[in-house]
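Each chain, written out:
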Amino acid sequence: MIRISSGERLPDAIVQALREHGIRSGWLRGSGVLHDVELRAYDAEAGALGGVRRVAGPVHVLSLEGSIGQSGGEPSFSMRALLARECEVGLATFAGEIESARAVAVEVLVTALDDVALERSLDAAGVWLVSGSAQGRAGSPDRAATDRAAATAPAWSVAARSCLLYTSPSPRDRQKS
């Protein structure tokens, strides 16, 4: 279990925890509250993740999950999320892959797969996924070949375009100001 303290940045806090615990492969699930989230969703026209959209202010993390593997010898994982908050017209929801965010209070449960070394790579659809073949640690995967293949793209994600989405604070947030 990883508890991410208020003010810590994602994905940095998760990367640090995975390194500290030596987790190379697995799955993560989380919940909590984030602030100033940047996320991306799949753009069917582009055939890849779309531009970064910013959701200003606090949001409730209803669901957060993703695979964990290695890319270029470093931890690589996705944070696909469903987020919500109250707004003037009711409940607003947001979904996508989190690029970055600031934690308010977040907990992440990591299921470590200690017996396999999963590699993650950018697939033909432009989405980071675990490769089809998992090798046992005793099976000594060809580390150099895997590192060369993963070096063509960053382990976290690639921001191709940028666009801002401002969402006004909820009535409750405006009352606090």
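Here the structure is a predicted model, which is why all the values come from computation and not from measurement.

Caption draft 1: Highlighting the overall build of the protein chain. The helix and strand tally for the protein chain stands at 3 helices and 13 strands. Taking all 177 residues of the protein chain together, the buried fraction comes to 42%. A fraction of 70% describes how many contacts in the protein chain between residues 6 or more apart in sequence connect residues 24 or more apart. Element-wise, carbon and sulfur atoms account for 54% of the exposed surface of the protein chain, whose accessible area totals about 9300 Å².

Caption draft 2: Highlighting the side chain of R40. Relative to the helices and strands, R40 is located in strand β3 (residues 26-40). A relative accessible area of 3% places R40 in the buried class. For R40, the side chain forms a polar contact with the main-chain oxygen of G50, separated by 2.8 Å.

Caption draft 3: The pattern of salt bridges, seen in detail. Scanning the entire structure with this criterion turns up 5 salt bridges. The residue E74 makes a salt bridge to R19 at a minimum N-O spacing of 2.3 Å. Of this pair, E74 sits in strand β7 (residues 74-77) while R19 sits in helix α1 (residues 12-21), placing them 55 residues apart in sequence. In this structure R19 comes out as exposed when scored by relative accessible area, which is 52%. Residue R40 pairs with E99 through a salt bridge whose shortest N-O separation is 3.3 Å. One end of the pair, R40, is in strand β3; the other, E99, is in strand β9 (residues 90-112), and 59 residues separate them in sequence. E99 carries the same exposure label as R40, and that label is buried.

Caption draft 4: Structural view of the pairing of β3. Note that β3 and strand β6 (residues 53-71) share 12 bridges and pair antiparallel. Bridging across to β6, W27 finds its partner in S67. Across 13 bridges, the pairing between β3 and β9 is antiparallel. In the sheet register, R29 faces β9, and the bridge partner there is L109.

Caption draft 5: α1, seen in detail. Considered for burial, the residues of α1 that qualify are A13, I14, V15, A17 and L18. The secondary structure elements touched by the buried residues of α1 are β1 (2-4), β2 (9-10), β3, β6, β7 and β9.

Caption draft 6: Region of the structure containing the pairing of β9. Here 3 bridges tie β1 to β9, and the two strands are oriented antiparallel to one another. Across the sheet, I2 pairs through a bridge with V108, a residue of β9. As paired strands, β2 and β9 are joined by 2 bridges and run antiparallel to one another. Following the sheet pairing, R9 is matched in β9 by R102. As defined by bridge partners, strand β8 (residues 80-87) adjoins β9 across 8 bridges and the pair is classed as antiparallel.

Rules used throughout
Residues numbered from 1 in each chain as written. Predicted model: local features only at pLDDT ≥ 70, side-chain atom pairs only at ≥ 80, totals over all residues. Heavy atoms only, no water. Helix = DSSP H or I, 4+ residues; strand = E, 2+ residues; numbered from the N terminus. Buried < 20%, exposed > 50% of the residue type's maximum accessible area, 1.4 Å probe, protein only. Contact = heavy atoms within 4.5 Å. Areas by Shrake-Rupley, 256 points an atom, 1.4 Å probe, with all protein chains shown as cover. Polar contact = N/O pair within 3.5 Å; in protein donor to acceptor, adjacent residues only side chain to side chain. Salt bridge = Lys/Arg side-chain N within 4 Å of Asp/Glu carboxyl O. Pairing = 2+ DSSP bridges.

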